[in-house]
Protein chains: 2
Amino acid sequence: MRIDHTHDPALVSWVESANGHTDFPIQNLPLCIFSTDGAERRAGVAIGDFLLDLGAVSDLLGDAWVAELAQPVLNGFLALGAGARVMLRHALSRLLSDETARDAIEPALIGQSEAVMHLPCLVGDYTDFYVGIHHATNVGKQFRPANPLLPNYKYVPIGYHGRASSVRVSGEPVHRPSGQRKPPEAEVPVFGASRRLDYELELGIWVGPGNRLGEPIAIDEAEQHVAGYCLLNDWSARDLQAWEYQPLGPFLAKNFLTSVSPFVVTPEALAPFMTAAFARPNGDPAPLDYLAGGSERPGLGIRVEASMTTARMRDAGIAPHRLSSGIAADAMYWTAEQIVTHHACNGCNLQPGDLIGTGTLSTASADGLGSLLEISQGGKMPIVLPSGEQRSFLEEGDELVFTGRASADGYVGIGLGECRGLVVG
Amino acid sequence: MRIDHTHDPALVSWVESANGHTDFPIQNLPLCIFSTDGAERRAGVAIGDFLLDLGAVSDLLGDAWVAELAQPVLNGFLALGAGARVMLRHALSRLLSDETARDAIEPALIGQSEAVMHLPCLVGDYTDFYVGIHHATNVGKQFRPANPLLPNYKYVPIGYHGRASSVRVSGEPVHRPSGQRKPPEAEVPVFGASRRLDYELELGIWVGPGNRLGEPIAIDEAEQHVAGYCLLNDWSARDLQAWEYQPLGPFLAKNFLTSVSPFVVTPEALAPFMTAAFARPNGDPAPLDYLAGGSERPGLGIRVEASMTTARMRDAGIAPHRLSSGIAADAMYWTAEQIVTHHACNGCNLQPGDLIGTGTLSTASADGLGSLLEISQGGKMPIVLPSGEQRSFLEEGDELVFTGRASADGYVGIGLGECRGLVVG
């Protein structure tokens, strides 16, 4: 990933709202799928408070690859890889900064408040990883006090398959799932609504070209298969999870809903914010050869935050309560490149539009814990909200909002949009 | 599921090969997707040694639902549920038995040997269960000698999400996966080709209409969402599995390939062969209320068999060696209905064309073990083949074939076709 003129901090757009503090300055240009007035779904790019309808300006954009932007999902475009993404980025950077292009482009701008956002891709497979080492340690202490971090953790980027059908875009209401749980004192499990509904703060990776079945992806090529990033909420029912997860892993505790932010923030947009740092302490085992290498700055310098309101807080006009804030790279023991290479090292085929979660991004700091399970220490230490309400886990009317923001000296910061969900019971 | 005139043992077809011993008598009529000469994929029905091209006879079949049979996958047809399946079955039963229909139908028959079979559905999600209690016990002894069957097993139909992208139809070559394994005596894991490649003998369930996100499926309605059955090989790399599977379950040990037989054998065809029996011993805990009920004969009276040849056996003309044979219902602790209801009890949405594996179908008998891991006792007791070769796990050139057959007094037996895979290294 190169840093080029599209990152120039002096670059401004004739879309005024793109030039102040916004998630979507002209240096970002994330892709999305949206609709208006119940009409068909279309590809767009966020700029300031607007979405640019890419289909409406396709004759100004480029050549063959533009056809993929006429689809109701981005799978086909992401399949084209970095080449098409870079051409689109350069074209949009020019058109949205060049005042002489304004007359041609402006009619294709739609206010974000008028648009309904959709999943950017048809998710073929969704995989969730577990690369947040502080999260793995914190959770491991609760499920397995004797050995929180299992012996494989520092060698294997642990992941498991999730449910593709229940991946939804930000805003999907959260229905409290029912299932089996076994109260500690009970002899047999009971069936009913989960009492330990939780969130997990993650980043999502949208897969680009992918690989054929049987053909692994070398670590030096992994970067080519990452088409972009989003925020991801891996909603979790902790009581169902504790009872069901052995020996084959989480299932109904997770697959009732996974929410993602609607924008595909590209590796090109994130180039200035990648870091060499990640959460692998000196002295830890070196990655095995197949996971060693890749780009020199594979760390995601994105600050991810979770905040919440309760119904009472919203009624009283109380601002959202920040639950956590931390840099993704400080939480991740494995990089996105290592995730991709590991996933495909046995020949498993990744496909354009597949979604991969990083796992919960908790930092080593007490204010960087990415789930209530960790913040409330399994329910033992409820948090106290500005309204005076307490929470160990989520209750009806609670609304979670995730945000993500990348910034670096000398560059215009960019945002990931938001991933929102209201617990409706 | 009713037994009706389509099961009449006196019913014969003018397709002569359907009337002897065949998997596909007129009492079966399983659906499939096939192509010939590289042309487009079409829906078909197996009858004797032939496939009937459904698109070519659509004007003789029915009304609105026929349009779904013009698609290159069966998802849309399976979404219609039992009503359309029964209408199709009745129409085909009549047309293929009525000599006066022969002239109109016969030109639409294609020899199975001329057809290329494809996956019957676009698999949105693939879930694998673990309902074979003897398998769970046998494997548990090897991975966890102290507690082979975990406390949740008799309450929770254990399942986990598998990989949809690597589900392939019978015949797909099996490439030995690479991955991490940790030799018992080693301090650190190594990366390389699996040395413990194995198969798992399962049945697959094709999902019919399914449910909306947030809307569970009651046990009394579960039957409506089962559109058909197939054979399924959950290829497994045991050494990768042992090292990676904690705490989130199997991942790369499984997702390099899952093979299925090409025919969707419908619940209607299987009606005479369903049994009240399944592998839940008297005295075991009763299912929780949400899993109690359903049809009176939910047990799958299908004999499933695994056999293998080595390259040397094939060269020498030695017949396949039968590895196991057993009745599915004798292996299954949970029924297909309980699987469906449990999967959706938290509101997880099942979709038409989703694939659900039962888990390995091992019976209590030594000749009914559904994997080499069990047959060879984790490699300690290699099998000796008729060629004199020994096997603890699979080697290059080995070919596995699964078959399935349902039979009952007074009925014409039906088969599931075969699920085949050759290990090519």
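How each quantity is defined
- Residues numbered from 1 in each chain as written.
- Chains lettered and ligands numbered in written order.
- Predicted model: local features only at pLDDT ≥ 70, side-chain atom pairs only at ≥ 80, totals over all residues.
- Heavy atoms only, no water.
- Helix = DSSP H or I, 4+ residues; strand = E, 2+ residues; numbered from the N terminus.
- Rg over C-alpha atoms; globule rule 2.2 N^0.38 Å.
- Contact = heavy atoms within 4.5 Å.
- Areas by Shrake-Rupley, 256 points an atom, 1.4 Å probe, with all protein chains shown as cover.
- Lys, Arg positive; Asp, Glu negative; His and termini not counted.
- Charge placed at Lys NZ, Arg CZ, Asp CG, Glu CD.
- UniProt positions renumbered as here; feature names shortened; annotations may be inferred.
- Domains from an automatic or database assignment.
- Buried area = accessible area lost by both parts, 1.4 Å probe.
- Salt bridge = Lys/Arg side-chain N within 4 Å of Asp/Glu carboxyl O.
- Polar contact = N/O pair within 3.5 Å; in protein donor to acceptor, adjacent residues only side chain to side chain.
- Nonpolar A, V, L, I, M, F, W, Y, C, P; charged D, E, K, R; others polar.
- Least-squares fit on C-alpha atoms with pLDDT ≥ 70 in both.

Regarding the overall build of chain A
The number of helices and strands found in chain A is ten helices and 24 strands. Computed over the C-alpha atoms, the radius of gyration of chain A is 21 Å, within 12% of the 22 Å expected from 2.2 N^0.38 for a compact globule of 425 residues. Taking the principal axes of its C-alpha atoms as reference, chain A extends roughly 70 × 55 × 40 Å. Considering only intrachain contacts with a sequence separation of at least 6, the fraction spanning at least 24 residues in chain A is 74%. Summed over all atoms, the accessible surface of chain A reaches about 15000 Å², with 51% contributed by carbon and sulfur. Taken together, the 30 basic and 49 acidic charged side chains of chain A have centroids lying 8 Å from each other.

Some thoughts on the UniProt feature "domain: Fumarylacetoacetase-like C-terminal" (unreviewed entry) in chain A
Those residues carrying the UniProt feature "domain: Fumarylacetoacetase-like C-terminal" (unreviewed entry) are residues 134–421 of chain A in this numbering. The distance from the first to the last C-alpha atom of residues 134–421 of chain A is 25 Å, and the span holds 15% helix and 27% strand.

With respect to the domain arrangement of chain A
Residue and element names in this part refer to chain A. Domain boundaries assigned for chain A yield domain 1 (5–118) and domain 2 (126–422). Across the contact, 25 residues belong to domain 1 and 28 residues belong to domain 2. The junction of domain 1 with domain 2 conceals about 2100 Å² of combined surface from both sides, 63% of it contributed by carbon and sulfur atoms. Per-residue buried area on domain 1 facing domain 2 is highest for H7, L78 and R85; these three make up 27% of the total on that side. Joining domain 1 to domain 2, the criterion identifies two salt bridges. When the shortest N-O distance is used, the salt bridge between R85 and E268 registers 2.8 Å. The interface formed by domain 1 and domain 2 holds nine residue pairs in polar contact (both at pLDDT 80 or more) in total. Elements supplying a minimum of two residues to the side of domain 1 that touches domain 2: strand 1 (31–35), helix 1 (75–79), helix 2 (82–97) and strand 5 (116–118). The element contributing the most residues to the side of domain 1 that touches domain 2 is helix 2, with four residues. Tallied by class, residues from the side of domain 1 that touches domain 2 come to 14 nonpolar, eight polar and three charged.

A few points about the relation of the copies chain B and chain A
Superposition record for chain B on chain A: RMSD 0.0 Å, screw rotation 180°, translation along axis 0.0 Å. Both copies are brought into coincidence by an operation consistent with a two-fold rotation axis. Ranked by how close their C-alpha atoms come to the rotation axis, the residues of chain B are headed by B:G249, at 2.2 Å. Both copies contact each other with a shared surface, as 100% of the interface residues of chain B are interface residues in chain A too.

Quick notes on the side chain of B:H7
Residue and element names in this part refer to chain B. Here H7 is to be found in the segment before strand 1 (31–35). At a separation of 3.3 Å, a polar atom in the side chain of H7 contacts the side chain of R89. Separated by 2.6 Å, the side chain of H7 and the backbone oxygen of E268 make a polar contact. Not counting residues up to four positions away in its chain, the partners in contact with H7 are R2, Q27, R89, E268, A269, A271, P272 and Y411.

Considering the interface of chain B and chain A
In this assembly, 57 residues from chain B lie in contact with 57 residues from chain A. Taken together, the two surfaces of chain B and chain A that pack against each other cover about 5100 Å², and 62% of this comes from carbon and sulfur. The three residues of chain B that bury the most area against chain A are B:R163, B:L248 and B:F251, which together make up 16% of that side's buried surface. Taken together, the connections running from chain B to chain A amount to four salt bridges. Applying the counting rule to chain B against chain A returns 30 residue pairs in polar contact (both at pLDDT 80 or more).

Considerations on the UniProt feature "domain: Fumarylacetoacetase N-terminal" (unreviewed entry) in chain A
Residues annotated in UniProt with the feature "domain: Fumarylacetoacetase N-terminal" (unreviewed entry) correspond here to residues 27–120 of chain A. Spanning residues 27–120 of chain A, this segment combines 27% helix with 22% strand, and its end C-alpha atoms are found 20 Å apart.

What about the side chain of A:H135?
Residue and element names in this part refer to chain A. Mapped onto the secondary structure, H135 falls in helix 4 (residues 133–143). Engagement of the side chain of H135 in a polar contact is seen with the side chain of T360, the distance being 3.4 Å. With sequence-adjacent residues up to four places away left out, H135 is seen in contact with Y130, G140, E200, T360, S362, S371 and E374.

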